[in-house]
Every structure is written in C-alpha cells, then in structure tokens.
Protein chains: 2
Amino acid sequence: MNASRAPVRQSSVRAHNLALVLQTVANSANRPSRAAIAAATGLTRATVSALVDDLVAGGLLAELDPAPRTGAGRPAAGLALSPDGPAGLGLEINVDYQAACVVDLTGAVRHRFVARGDQRLLSPADALAALDDLATQARATAEADGLVLAGAALAVPGLVAPGDLVRVAPNLGWLDVRVPEMAGLPVTVDNEANLAALGELRADGAEPTFLYVSGEIGIGAGIVLDGELYRGGRGWSGEIGHVTVYPDGRPCRCGSSGCLEQYAGQEAVAADPDLAAAALGIALSAVVNLLDLGVIVLGGGYAPEFARLRSGIEAELHRRVLTAGLAPVTLRAAGLGSDAAMRGAADVVIRGVREDPAGWLAQAV
Amino acid sequence: MNASRAPVRQSSVRAHNLALVLQTVANSANRPSRAAIAAATGLTRATVSALVDDLVAGGLLAELDPAPRTGAGRPAAGLALSPDGPAGLGLEINVDYQAACVVDLTGAVRHRFVARGDQRLLSPADALAALDDLATQARATAEADGLVLAGAALAVPGLVAPGDLVRVAPNLGWLDVRVPEMAGLPVTVDNEANLAALGELRADGAEPTFLYVSGEIGIGAGIVLDGELYRGGRGWSGEIGHVTVYPDGRPCRCGSSGCLEQYAGQEAVAADPDLAAAALGIALSAVVNLLDLGVIVLGGGYAPEFARLRSGIEAELHRRVLTAGLAPVTLRAAGLGSDAAMRGAADVVIRGVREDPAGWLAQAV
DNA sequence: TCGGATTTGTTTATTGGTTGAATTATTTGG
DNA sequence: CCAAATAATTCAACCAATAAACAAATCCGA
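Residues numbered from 1 in each chain as written. Chains lettered and ligands numbered in written order. Predicted model: local features only at pLDDT ≥ 70, side-chain atom pairs only at ≥ 80, totals over all residues. Heavy atoms only, no water.

1. A word on the packing of aromatic side chains
Residues and elements named next belong to chain A. All told, the structure shown has two aromatic pairs over all chains when counted by the stated rule. Ring geometry for Y246 against Y263: centres 4.9 Å apart, planes inclined by 65 degrees, an arrangement best described as edge-to-face. Here Y263 lies in helix α6 (residues 261-264) and Y246 lies in the loop between β13 (228-230) and α6, a separation of 17 residues in the sequence. (Phe/Tyr/Trp six-rings, centres within 6.5 Å; stacked < 30°, edge-to-face > 60°. Helix = DSSP H or I, 4+ residues; strand = E, 2+ residues; numbered from the N terminus.)

2. Describing the pattern of salt bridges
All names here are of chain A. The full count for this structure, using the stated rule, is 41 salt bridges over all chains. Its salt-bridge partner being E63, residue R34 comes within 2.7 Å of it at the nearest N-O pair. Here R34, found in helix α2 (residues 34-41), pairs with E63, found in strand β1 (residues 61-64); they are 29 residues apart in sequence, far enough to count as distant. Salt bridges here are not isolated pairs; linked through shared partners, they connect R34, D53 and E63. (Salt bridge = Lys/Arg side-chain N within 4 Å of Asp/Glu carboxyl O.)

3. Regarding the sheet that holds strand β13 (residues 228-230) of chain B
Residue and element names in this part refer to chain B. The five strands are arranged β13-β12-β11-β14-β15 in an open sheet whose pairing can be described as mixed. The open sheet is flanked by β13 and β15 (330-333), the only strands paired with a single partner. Within this sheet the neighbouring strands show an average axis-to-axis angle of 25 degrees, counted without direction. Pairing of strand β11 (residues 210-215) with strand β14 (residues 295-300) involves five bridges; the strand directions are parallel. (Pairing = 2+ DSSP bridges. Axes fitted to C-alpha atoms, helices over the stretch in contact; angles between N-to-C directions.)

4. Thoughts on the protein's contact with DNA strand C
Contacts to DNA strand C come from 26 residues, most closely from R9, Q10, S49 and A77 of chain A together with R14 of chain B. In DNA strand C, the atoms that sit within 4 Å of the protein are 67% sugar and phosphate, with bases accounting for the remainder. A distance of 2.7 Å separates a phosphate oxygen of DNA strand C from a polar backbone atom of A77 of chain A. Taking G73 of chain B, its main chain carries an N or O atom lying 3.0 Å from a base oxygen of DNA strand C. At the level of elements, α2 and α3 (45-57) of chain A together with α1 (10-26) and α3 (45-57) of chain B are the ones that each hand at least two residues to the surface near DNA strand C. For the surface near DNA strand C, the element with the most residues is α1 of chain B, which contributes five residues. Here the surface near DNA strand C is built from residues that sort into nine nonpolar, eleven polar and six charged. (Near = heavy atom within 4 Å. Polar contact = N/O pair within 3.5 Å; in protein donor to acceptor, adjacent residues only side chain to side chain. Nonpolar A, V, L, I, M, F, W, Y, C, P; charged D, E, K, R; others polar.)

Put into structure tokens, the structure is as follows:
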C-alpha cells in the first residue's frame, strides 16, 4: 500500500535527484558549493554538477559569490535559490479582510496587499470578484518585478473539499462555493488553519511536527506531521473548535453542546481567560493523547493572549496527558501573526515547485 | 522536507519496481499473468518479466496454473505470493496469556500457540523467557514445514519506545523493560492496539483509513491512515483511554480525572453499557473532529458488546461531529477477535518483506 | 617567485535498468 | 491446418548515475 503505485523509470530518478539537490540548497544556511551538495546528498560531484546545470538553466538556482572559505584549493561557486525564480501567489479571505501576497522561491515576501472590509456583506461571487482584482494587481506588480507566478492558493475559514470547492464557511456565510481562477491562475483552496500551520512551518526555528491552533471567531487547527500537513480522509481534519470539552455544557451553533469554541472562542477569551485556558488545556490534552505531538503553537487571536493563557493550559496538559511524565509538551506562540495563512498559501505554491522541480522545468520550456 | 533525503540510483529503481510488482500480485484477487501486471503497473511486459524472474528465483512469487480465461491466445502463467516464502513470527504478551503465531507470505496463519496464565505473577524476565520458549517452539514447527522466518514482532499493552524498549505497561506492571531476541530472531516491539489495527487492516474488506479501538482493561487505539499506522512523534499515539470525557469526573489511576477509561473500561462496560457508549461516543467524536476519519472499528472487549453499544455511540457521533451532515462515520465491530494484535505483529514482518523485496533478496543470498 | 598540495568542477568510459520493437510460444476458431 | 490472438522473451537503444582521470584555480612553503 505504502509504496507509491506508480512505476519508476530513469527519468523519475532524475526528477527525484533534482528535487533532492534543490531541497539541499534550500535547507542550507550558507551557499553550498556543488561539492558540498555532493557530500550532503551522497551523490557524485559529477551528478550534482549535471543536476545543478539544469536547475540553473531553469532559473531555480543562482550562482553567487561563494561563502568565504579558508585554505587551499580552487574556490567554490556558491549556490542559492534564485530570487528571480517562480513565485507563489498567496490569497486569503477572512471575515473582515481580503489579502494577497507574492512570495518568491527563496521564501521572501515580495509584495503584500490587504483590503479591509466585512466580507459577510458581499455575496460569495462579489467577494471572489474583488479578490480577483486584488490578485490581478498582485500579479501585475510581481511581473513588473520580473517574477513569474507558478500558481495561487487561497485560505478560507471553512471546510474545503479536495480541489476548489468550499463546502461550508460558517463565519462567511458560504455554502458550496466553487473558487474560479484568480488573476488567470489555477487556485488551490484550503482551510485557513491548515495553511497558517504551513506558514508557521516555514518560519524560523520551526519543528517538523506540531499542532497549530488558530483562535479566531471559530477555532481551527492544522496538524503538521514530519513537515507534512495532515488533511484527513476528506480534508476536514483539525476541527478542534467542536471537540467536546464539557459534555453537558453550553449549546453550540453546530447543534452540539460543550464545544471548545463556546469556552475558548474570541469572546470567551475576552470574557474569562482562565476558563478559556482550562478548556483549551482539556482539548489539547486530547490531541496530545491521540497524536503524541510534542509541540503546540498558538496562533491567531491566541498569540497576543499567550502570556495570560499559558499557565492555565499547561496545568491541564500536565494533569491530563498520559505521557507528560515521559516527555514534555512545549507550548509557544505563533511568530507570523495574521499573515500566517496567506504566507502558508504562497508556500504551498513554491513548495510545489521545490518538491517537483522537474515538473516545473518541463512545463516552463 | 517531504522528498526522502536519500539519493536515488538505478538500483533503487529496480528495488521500487520489484516492490511494485510484488504488491500488485498481493493485491490481486485472482492470479495475474505477467501481462496483467504490466497493464496494472504501467511497466513494460519485458520489465515485468525480468522482475518476476527475480521474485520467483528468490522464492517470493510462485508460478501456478493460470486463472481460467476464455478466448484465443497463449495461456498465461498465474502468479501468486509463494506460501513457501519468508514468514513472520507474531508474538503477544497480555495480562492473562502469551501467544505466538506464524503467518506466511500470503497472510495465512500457519501455526498458532497460546499459553494461558496471569503474566502479572511473573517478573518481566521470566515472562520473556517463557515467551522465548513459545517462540522457539513456533520456529521449530515452522521450519519443519519448510518455512524461513524473516523476523518477529511483539505486541504489548503499553507504551513502547522506538526499538525494543517497553517504557510502561501498567497492566503488566512493567517499567523500562528491554525485549531481547526471541527464538534467535530480532524483535520489533509495538503497542498492542497499534498492531491489532494493522491486523484488522489485513482482514477482508478493510478500509485503508480507520481508527481501531481496543477495549480491554485499558483502552487503546490504533490510527491507520491510508494503509499506514500513525505512531506519533514518539510512538505513543492512540492513548484514547486517557482522553478526558468528563473534566470533573471520576479520578483515574493516571492522576487525571474523567478519563474515558473510567467510563468505558472493561468493568464500566459491564456495569453500565449505556454510560460506556455515551463516553465512547464523546471521545470518538473528538477523534473524528480532529482526524476526519470515516471508519471506526471496535475491537477487543468491545466487539462482543457491539450490538449493545452501537446506537449510544452513534447518537453522540451524530450530535458532536461537525461534519456528520456532510459525510457519514461508519462504525463496525472488529473481525479478528483476540488474535488481532498477534496477527498484526506477524503482518509487520511480512509487510517488511513485501515492501522491500529487494532487501530480502539481497540478504537471503 | 615558483612549484607542490589541495580543493572544485568537468570529461569520459562503464554499468545498470527500462523501453520498444521484433520474435517466439501456445492456444482458439474457422 | 492455417490465421488470429494473446503471452512471454530477446535484443538493440537509450538514459542516468558512477568512478576515475583530468582541468582549473587557489594557497602555501621553500
């Protein structure tokens, strides 16, 4: 089951090794030489040279001055991701704003656009038309900069079906909305918390496995396992907001009662931070008991309240996580703020290029 | 991050395609011909022939009479997993018994040994010595049958560290017990619920993604995602028994209060099935909200009580799962009974051979 | 200042593995 | 009994990685 169901031919070998070289460069702090890449990957210098040539010719890698080195020997050519390579268009629609950003292959945010305004007042079609305008503006600005966009991804606060269909976005009032092309680019749509988690993953010092919890009006979570987003069987994982905390507690708009959202949603946090922390702690304990995650990142509206929430959450974790005595659970605030989802969306696009450079090179002839 | 960090050479291509061919045969209901494998995998008939030759020579595949076919043309040679190929030794230690079984490459149970007796009365060393005797007996019987054992795996009701170290097995009274070789074979140790989930996966008509819940004295769960067991960051996933159901409820021996185990453990089910069903439903709703699993399998002590528990669980699921209206959650009883963990352990071994036949062929020269 | 040591990067012949086309093998049906 | 059909094998071509030799560019010590 595990082994991917596809045959492998020689070209797949090349595709894999191209990706391997590109990722090695991406994960290097300094600018590695071809020889350094060969040492890091286990490939031959000759092979690395050939692969690097392809990547440089395709505009994915750039040859720069080498990292200064001491000692004898021919000086190396430094390699780095090309800032002029394909870029990603990250989009977001949330309750009170729309946003777009352009992130280049190196991960740098090149352009950023935000249009404030209550999206609930617009029909889905009108909201998407406005977003298309924003996206088109972003694309034009990017192209004036010499950037080619490899694709677009959109973050929405709701349940998304595989592809481009928003099944339900309760806080936007959307139901079964299909997302069209944006700025002439195909769009990948995903849940806001999922993409924010990916954004956090790219941030500095990020762990490869963690739970990202986003506390807005609703509460969502993104589960990142070993650098990969876990989306669940139908793409609807991470609905922590409707995990039951107090079985006979407050009724929830979802029809259930005692949902976390009723105790740790935006208003609840403002009204009683201690209650919110306890409820969060109970729900997070369940996550850790089930998934054995060592790191929890609090984002969205929780980040500014982190200091006030922390000890209450940790008390419950300590009490309710079975393995708390064997290994600690680390709690920290998100670093990216409200841009996380949009950044994560753009990351999805450039991650696609980084993971399959051969595909990009082939289609970008 | 995703792309495995290893270079790929031509031999990796062959290794992958060998596994692909073997899995294709394994997943075929009938006995496929080389031509059928080629059609199914996308490889050339010439390539498939070469790969099959290796697998037959290595004793992994057997050529049999073809599946009857009508029409003209040269008759095909039918291929199937060889029942004489490498077999797996599955072991289990539980509170009141030890067990061992030999499963051949086709998945058939060839031999089965059970030794009843309260394991809590024995020291870990004595229990393991007794298990070694049972394993040696199983190995001897298997070898008399012409079977070669590819390895062994052991199921224990507790938390296992990567490798062979049992950190805690509360119901056995074990703490930091290292498991030695059994019958001269290296042993992979894993949690009982995890392995039972894998056993269930192999069973007839199994879904590739599901949650397996095992209700013994404690309650454990195995999370199977797309045919793969999810073990968590440290291998301690699935501790559903200590998910909080009623935050201020009954105190638990783990130090917390309101754990599922207090409401749906073996005694609790006997005392009040309705309470157990409600508590299970609440905890399972949390799992589905977090992981978006469409199938839940109730095993261990829950299987015989399934009829009595079902409606109570489903009521809570219906009420508390956010996406219940969009897609159903299926509940079913496990099919394998108390052998599931032991079978799953043996499956781990033969799964290793099936997923890396090249490795097996190389070491079995 | 020059020549060896050293490290980087490229060239070339070899090897391993898949492909595609042609070939052989074995059956059914007219 | 021969044509059609299907299965499996053989063989030349191709692609990609490897290993080893070679070229390039620097440092360092005499």
